[in-house]
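Descriptive structure summary
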Amino acid sequence: MNFDNFNLHSSIMAGVRLAGYSVPTPIQLQAIPMIAQGRDLIGLAQTGTGKTAAFVLPILEHLRSGPRENVQALIISPTRELAEQTCKVVSDLGCDTGLQCISIYGGVNIDQQVRRLYRTPEIVVACPGRLIDHLWKGTINLSGLKILVIDEADRMFDMGFFPDIRRILGCILHKRQTLLFSATMPTSIKRLVREILHDPITVQIDRALPAKTISHTLYPVPQHLKTHLLKGILDKIKTDSVLVFTRTKYRAERLSRQLLRSHYRVASLQGDLSQNQRQAAIAGFRNGSIKILVATDIAARGIDVLSISHVINYDMPESTDDYIHRIGRTGRIDKNGDALTFVTNADSDKINALERILDTPLERQTLKGFNYSQTAPDRGVNVSYRPRRRLMKKQRVAMEYAS
Ligand code: AMP
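Everything numeric in this text was worked out from a predicted model, so none of it was measured.

Turning next to the site of the ligand. Near the ligand, the surroundings consist of 15 residues, among which Tyr21, Gln28, Gly48, Gly50 and Thr52 are the closest. Note that an oxygen atom of the ligand is positioned 3.3 Å from one of the backbone N or O atoms of Lys51. The separation between an oxygen atom of the ligand and a polar side-chain atom of Thr52 is 2.6 Å. When the residues that make up the shell around the ligand are grouped by side-chain class, the tally is 5 nonpolar, 7 polar and 3 charged. A domain-level breakdown of the shell around the ligand finds at least three residues from each of domain 1 (3-205) and domain 2 (214-364).

The following block contains the structure:
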């Protein structure tokens, strides 16, 4: 089976070829024909499965020959990064169709977005908050909307976006095709599905399991030696691009500064950065000038960098879902990837849950030559880093020490 079987127009096939896709992924095989028939669809698929193209290709096919006025397709995304990434996929795959796509999200000047919306793009990828701003201002017209996509619905729920989503849905009451993608299907999302999808078909790919191309290893380590161990691993193990996850924004910033001082090519990606800083970090990571990106879960959504060879969980993720999302950044589409997770004694419940989900005991490893009995001179916190917002940060430091 190849892309010819979908009967996509030659202008769209040109985009598929340009993207270098030769064989459809399982989610694409199942979802594209259903979406092309106009069915509402629930896509249960983890990131890295090719789910974006699974909805973008039939959207392009549907809109290709239609009227070029008003917004025809709206894709709602949880984060700016994912919105940008999705918009790029639309623009790349649709490069020969003449269809226009823009992304809209907060943290950047709204007037510029208003000007771009005046040019009536057919496809908009939006984060909920800023989309509501545009709806209230009357700068986006959704009266001609034909297809609505809610992407990464479980993540949007986790981020507290559901009230916003409901407000947005209240503005699009006319008949339309609705597609909802989610890695997991908790009750909250089932309820939303019942409310807004009509006779949906469910397409499920490897339900909530990581790609088989990823190897999982646990590195037991005392909390205060995590930074030392990370440096040891970065020095000893051959890596390409490395994505490191921390539990909090503060820890991401602190760790990236510590690595920077040790001359690693590193940047942080966390919610306190400006949009320009975030874009610079992602661009540097993508073009290889930055080898290590230290990120929080939310900031890392939508990072699509094929050269990520290692995901390192500096802090154990809160849930198995988060683990799967994190490591979905490596091993994308049949590339091999390694997921390394630093674990402390406090993580034993989370490890059990993870082993249950993965249905296998996870390998515990120690780094050869690493002194696990050393006491950390700075207890993992660099004292020379003086936070700008002192009081708040002092409190956080106190919390970090306590944890
Ligand atoms: P996604 O799950 O949509 O985030 O896609 C993950 C990665 O897979 C992206 O880098 C896509 O460009 C890539 N991809 C999507 N579909 C295919 C395909 N049929 N063949 C090869 N790579 C693909």
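Before going further, it helps to spend a moment on the sheet that holds strand S12 (residues 308-313). With parallel pairing, 7 strands are arranged side by side in an open sheet as S10-S11-S9-S12-S13-S8-S14. Of all the strands in the sheet, just strand S10 (266-269) and strand S14 (363-364) have a single pairing partner and so form its edges. Relative to S14, strand S8 (residues 214-220) runs parallel, the two sharing 2 bridges. By the bridge assignment for S14, Thr217 is matched with Glu363. Here helix H10 (residues 226-236) sits on the sheet in contact with S8, strand S9 (241-245), strand S11 (292-295), S12 and strand S13 (337-343), set at roughly 155 degrees to S13.

Another point: helix H4 (residues 80-93). Relative to the 20 Å expected for 14 residues at 1.5 Å per residue, H4 spans 20 Å between its end C-alpha atoms, a close match to the ideal helical length. Taking burial as the measure, the 14 residues of H4 include 10 buried ones, the bulk of the element.

A separate point is the pairing of strand S6 (residues 177-182). Extensive coverage of S6 is indicated by the burial of 6 of its 6 residues. Side chains Gln177, Leu179 and Phe181 project from S6 onto one buried face, and the interleaved Thr178, Leu180 and Ser182 project onto a second face that is buried too. Where strand S1 (residues 41-44) meets S6, 4 bridges bridge the pair, whose relative direction is parallel. Directly across from Leu41, in S6, lies its bridge partner Leu179.

The subject of this paragraph is the packing of helix H6 (residues 128-137) against helix H8 (residues 162-169). The N-to-C vectors of H6 and H8 enclose an angle of 35 degrees; their axes lie 9 Å apart at closest approach. The chirality of how H6 crosses H8 is left-handed. Across from Pro128, Gly129, Leu131, Ile132, Leu135 and Trp136 in H6, the residues of H8 making contact are Asp164, Ile165, Arg167 and Ile168. When its residues are assigned to classes, the contact of H6 with H8 shows 7 nonpolar, 1 polar and 2 charged.

Counted by the stated rule, this structure contains 18 salt bridges. Across the salt bridge formed by Glu81 and Arg278, the nearest N and O atoms sit 2.9 Å from each other. One end of the pair, Glu81, is in helix H4; the other, Arg278, is in helix H12 (residues 275-287), with 197 residues separating them in the sequence. Assessed through its relative accessible area of 5%, Arg278 is described here as buried. One salt bridge in this structure joins Asp272 and Lys249, with 3.3 Å as the shortest N-O distance.

For the rest of this paragraph, the subject is the environment of Asp315. When you line up the elements, Asp315 lands in the loop between S12 and helix H13 (320-327). Owing to a relative accessible area of 1%, Asp315 belongs among the buried residues under this scheme. Sequence separation of Asp315 and Thr248 is 67 residues, and the distance between their C-alpha atoms is 9.1 Å. In contact with Asp315, not counting residues within four places along its chain, are Lys226, Phe245, Thr246, Arg247, Arg251 and Arg326.

Conventions adopted
- Residues numbered from 1 in each chain as written.
- Predicted model: local features only at pLDDT ≥ 70, side-chain atom pairs only at ≥ 80, totals over all residues.
- Heavy atoms only, no water.
- Near = heavy atom within 4 Å.
- Polar contact = N/O pair within 3.5 Å; in protein donor to acceptor, adjacent residues only side chain to side chain.
- Nonpolar A, V, L, I, M, F, W, Y, C, P; charged D, E, K, R; others polar.
- Domains from an automatic or database assignment.
- Pairing = 2+ DSSP bridges.
- Helix = DSSP H or I, 4+ residues; strand = E, 2+ residues; numbered from the N terminus.
- Contact = heavy atoms within 4.5 Å.
- Axes fitted to C-alpha atoms, helices over the stretch in contact; angles between N-to-C directions.
- Expected span 1.5 Å × (residues − 1).
- Buried < 20%, exposed > 50% of the residue type's maximum accessible area, 1.4 Å probe, protein only.
- Left-handed = near helix turned anticlockwise from the far one by under 90°.
- Salt bridge = Lys/Arg side-chain N within 4 Å of Asp/Glu carboxyl O.

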